[in-house]
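If you want the building blocks of each chain, they are given just below.
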Amino acid sequence: MTALLEMKQKIKNFYGQYEMYFMPLLKFILGFSYFSWINQSMGYMNELNNIFIVLILALICSILPSSVMVFAGCVLMVGHSYALGIEAAGFMLVLLLFMMILFLRFSAGKNLVMVFTPLSFALNVPVLLPIGSGLLGSAVSVLPSGCGVIIYYFIKFLNANAQSFQNPDVEVMDRLTMMADGMVTNWEMWITVIAFIVVILLVNLIRTRSFDYAWRIAIVTGGVAYVLIMLGGSFYFGVSVDIVPLIVYSVAAVLIGIVLEFFVFGGDYTRTERLEYEDDEYYYYVKAVPKAAVTTSERSIKKINGGNSREDRRSEESVVSFSEPMFQGEEKPRKTKKRRTDEMPVERKDDLDDIDFEKKLEESLKDL
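We now turn to the structure provided with this report.

What counts, and at which threshold
Residues numbered from 1 in each chain as written. Predicted model: local features only at pLDDT ≥ 70, side-chain atom pairs only at ≥ 80, totals over all residues. Heavy atoms only, no water. Helix = DSSP H or I, 4+ residues; strand = E, 2+ residues; numbered from the N terminus. Buried < 20%, exposed > 50% of the residue type's maximum accessible area, 1.4 Å probe, protein only. Salt bridge = Lys/Arg side-chain N within 4 Å of Asp/Glu carboxyl O. Core = buried A, V, L, I, M, F, W, Y, C linked by side-chain atoms within 4.5 Å. Contact = heavy atoms within 4.5 Å. Pairing = 2+ DSSP bridges. Expected span 1.5 Å × (residues − 1).

### Concerning the environment of Met173
Structurally, the position occupied by Met173 is in helix H10 (residues 172–184). A relative accessible area of 58% means that Met173 is categorised as exposed. For the pair formed by Met173 and Glu87, sequence separation is 86 residues and the distance between their alpha carbons is 8.9 Å.

And the structure:
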């Protein structure tokens, strides 16, 4: 467990250090995957079904806000629907405008969930999206997730009935009636929408409670609720659902959710503390759950040179610099050291002892 906590801390430190590079990269990968899925699922217009168009849109979305990615995806869907038929393009445009006006404008900060929804279906782990939205988001995430489910099933409907829309013998009203019936009577789609809404609300409700292991209980409860709703809805409406893949992928989504909880939350419930204090108006009861983290040790290698310091100092003094005046045509004048007078050697004369100082003193007094 300690090794996992150290790895988690190193990953967080590495991501925090290079976050300004990771965010555009992750947005580019998400945009490339989303636009590639649209071209692969629809691909009716050859001008848009191009890898260079996908790369250009992904690069643009990597440096712009996430709402641009949602808008670019809607433009691609309408363009491919127009190649399928003017009726399909009109129906897709009205459907998208209806969602934006009634739902998506209330969840502006969570609309990126609409991009993750079809990708979760493409990876066969659709339950992972409501579990992740309930853990990392809020209850408002039900709006973009439900819209993403409807768009996914409508694209799937267009793909299944592409030949009927391209048949010139089919009337315009018949095509519109076919698309309306395909939306209203698609019980699998409505069961999935209900399952997503219930799982997001349930996971978010349990995750925000104060009891121990709330995140893990919310993950398991969300997975079980999704399976029960899908099975119950399929039995009630007579929709065929593959039970074994549904259970297997739900278990895989629950395991991924537990890994997500370890990296995002990771509370240490063994050191939980409950605090009580008050002020003039309220009593406060606080439950503090410390984060499970360890301190990572950083190793520094210091090179010790065993050479003599005097030799190093001499080698540094002997280094010639080209910025000296002698290399620029100028030569510094040499300074000669003056010898101090007190350092001069005293010469002792031999006849110094023969001088009569008393006689010299008397003569000098006579002169005065």
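So, next bit.
### Regarding the pattern of salt bridges
Counted according to the given criterion, the structure contains two salt bridges. Between Glu261 and Arg216 there is a salt bridge; the shortest N-O distance is 3.5 Å. Residue Glu261 is located in helix H13 (residues 243–264), and its partner Arg216 is located in helix H12 (residues 214–237); the two are separated by 45 residues in the primary sequence. The class for Glu261 is buried, based on a relative accessible area of 3%.

### A short note on the nonpolar core
The biggest cluster of nonpolar side chains holds 67 residues, and the ones touching the most others in it are Phe35, Met42, Met77, Met92, Phe154, Leu158 and Tyr226. Take this core: its biggest share by element is 10 residues, from helix H8 (residues 142–160). Not counting residues within four places of it along the chain, the set of residues in contact with Phe35 comprises Val54, Leu57, Ala58, Cys61, Met69, Ala72, Gly73 and Leu76.

### Looking at the pairing of strand S2 (residues 283–288)
The side chains of a regular strand alternate between both faces of the sheet. Inspection of the sheet shows strand S1 (residues 273–278) paired to S2 by six bridges, in the antiparallel sense. Following the sheet pairing, Glu278 is matched in S2 by Tyr283. Counting the residues between successive antiparallel strands, the hairpin from S1 to S2 contains four residues.

### Structural notes on the environment of Pro24
For Pro24, the location among the structural elements is in helix H2 (residues 19–41). Considered as a pair, Pro24 and Ala58 are 34 residues apart in the sequence and their alpha carbons are 9.9 Å apart.

### Observations regarding H2
For H2, which comprises 23 residues, the first-to-last C-alpha distance of 33 Å matches the rise-based estimate of 33 Å (1.5 Å per residue) to within 8%. All buried positions along H2 are accounted for by Leu30, Gly31, Tyr34, Phe35, Trp37, Ile38, Asn39 and Ser41.

Just distances and angles here, no functional claims.
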